[in-house]
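# An overview of the molecular structure
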Amino acid sequence: MKLNAQHVLKVVLLGLFTLFFVNLQITGDISKYINPKYSFMSKLTAAIFFILFFIQLFRIFENKSIHHVCSTNCNHDHGNNRFNLSKVLGFTIIAFPIMTGFTIPPATLDSSIAANKGSVLTQMSGGQREPASLDQSLESSEPLVEKEHLDIYSDEYTPLLNTNYLTEAELAEKTAILEGSEQIVMNEDIFSSYYTKINDSPQSYAGKTIKMSGFVFKEGEFTSNQLVLSRFLINHCIADASIIGFLTEFEEAATIAQDTWLEIEGILSVGSYDSYELPIVKVSKWKVIDEPSDPYIFPILTWWD
């Protein structure tokens, strides 16, 4: 009996892949790659890798005492256990994603990604005369994976789990608060819904107080007292991230660096861009905050009571 080097290497790779996916679940880093509702796929992948690892474990030894008398067309292995250039290249390609998975930490999207998606004001207006809903804007926008020529299978794209569930009654209650209250609080669970309604009909909410947090994004067409307080909306994974947020105006805006996280309070007013009405927040209070542990916004998932 002796060890078969290639089978041993396969066992090691399968074990590392199993460990990687299990570690994503234990640490919660899985939420940095994909929408949370797809977490079960990661768990299924870990289980499959473990089964393959267990099967491969019994193949690492070969019996030297067994000899075969073979014909010209036999299917037995005659010296093919040796490593050659093609096999080394194959193992390297397979090992590369797991190497990067353990060595490159997941990163949070920032303003540089937002800038590559184009003008925020253009995205808000959609280049249309009539207001476009958030869903319509997302459907018409170019996916980030195509814009950036990014590999969605690389370690840079961590699976994110969407746990933003609301019952129909809870959603109706929060919607009633938006319509009836003079103060709008943009909490993460309702952020995308409130954003859609305010952006679609800014006149209806003009004069109301709004409180929200997000990261600073600026671009060339902004004046010195303007910035967009932004969040990334994740539908399925990082690759389809879309930036959403409100144009804000306050005197100190010019002194605040890109990607700084702020918490603001202000009054909603109505401005225009390319003949399109859009909400503007006239900021009265603001402060710098730490980036939250879960910086992304997810669409609302609902179920019946």
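Everything discussed here concerns the structure shown above.
## Thoughts on the packing of helix α8 (residues 168-180) against helix α9 (residues 191-200)
Relative placement of two packed helices is described by the angle separating their axes and the distance separating the axes. Contact geometry for α8 and α9: axes closest at 11 Å, N-to-C directions at 40 degrees. Here α8 is positioned oblique relative to α9, judged by the angle of their axes. Between α8 and α9 lies a crossing of right-handed hand. The segment α8 lies against α9, with L171, K174, T175, I177, L178 and E179 engaging S193, Y194, K197 and I198. Grouping the constituent residues of the contact of α8 with α9 by class yields five nonpolar, two polar and three charged.

## Considering the packing of aromatic side chains
By the definition in use, this model includes nine aromatic pairs. Summarising the aromatic geometry, the rings of F17 and F49 are spaced 5.0 Å apart at their centres and angled 15 degrees between planes, so their arrangement reads as stacked. Pair noted here: F17 is in helix α1 (residues 5-27) and F49 is in helix α2 (residues 39-57), with a separation of 32 residues, a long-range link. On the basis of relative accessible area, F17 is assigned to the buried category, the value being 13%. Through a chain of ring-to-ring contacts, the aromatic side chains of F17, F20, F21 and F49 assemble into a single cluster. When the ring centre of F191 is taken as origin, the NZ or CZ atom of R231, which lies over that ring, is 5.9 Å away.

## Let's talk about a nonpolar patch on the surface
A surface patch of nonpolar side chains, about 890 Å² in accessible area, is lined by L44, I48, F50, I51, L52, F54, I55, L57 and F58. F58 gets classed as exposed once you look at its relative accessible area, which sits at 62%.

## Structural notes on the nonpolar core
Counting 28 residues, the largest nonpolar core has I184, M186, I198, I210 and F246 as the members making the most contacts within it. Of all the secondary-structure elements, those providing two or more residues to this core are α9, β5 (209-217), β6 (226-233), β7 (242-249), β8 (261-273) and β9 (276-288). The element that contributes the greatest number of residues to this core is α9, accounting for four residues. Non-local contacts of F246, meaning those with residues more than four positions away in its chain, are made with M186, Y195, I198, I210, M212, L227, V228, L229, P279 and V281.

Each value, and the rule that gives it
- Residues numbered from 1 in each chain as written.
- Predicted model: local features only at pLDDT ≥ 70, side-chain atom pairs only at ≥ 80, totals over all residues.
- Heavy atoms only, no water.
- Axes fitted to C-alpha atoms, helices over the stretch in contact; angles between N-to-C directions.
- Helix = DSSP H or I, 4+ residues; strand = E, 2+ residues; numbered from the N terminus.
- Parallel < 35°, antiparallel > 145°, perpendicular 65-115°, else oblique.
- Left-handed = near helix turned anticlockwise from the far one by under 90°.
- Contact = heavy atoms within 4.5 Å.
- Nonpolar A, V, L, I, M, F, W, Y, C, P; charged D, E, K, R; others polar.
- Phe/Tyr/Trp six-rings, centres within 6.5 Å; stacked < 30°, edge-to-face > 60°.
- Buried < 20%, exposed > 50% of the residue type's maximum accessible area, 1.4 Å probe, protein only.
- Lys NZ or Arg CZ within 6 Å of the ring centre and 35° of its normal.
- Patch = residues over 30% accessible without salt bridge, like charges linked within 9 Å, V, L, I, M, F, W, Y side chains within 5 Å.
- Areas by Shrake-Rupley, 256 points an atom, 1.4 Å probe, with all protein chains shown as cover.
- Salt bridge = Lys/Arg side-chain N within 4 Å of Asp/Glu carboxyl O.
- Core = buried A, V, L, I, M, F, W, Y, C linked by side-chain atoms within 4.5 Å.

These figures come from the coordinates and say nothing about function on their own.
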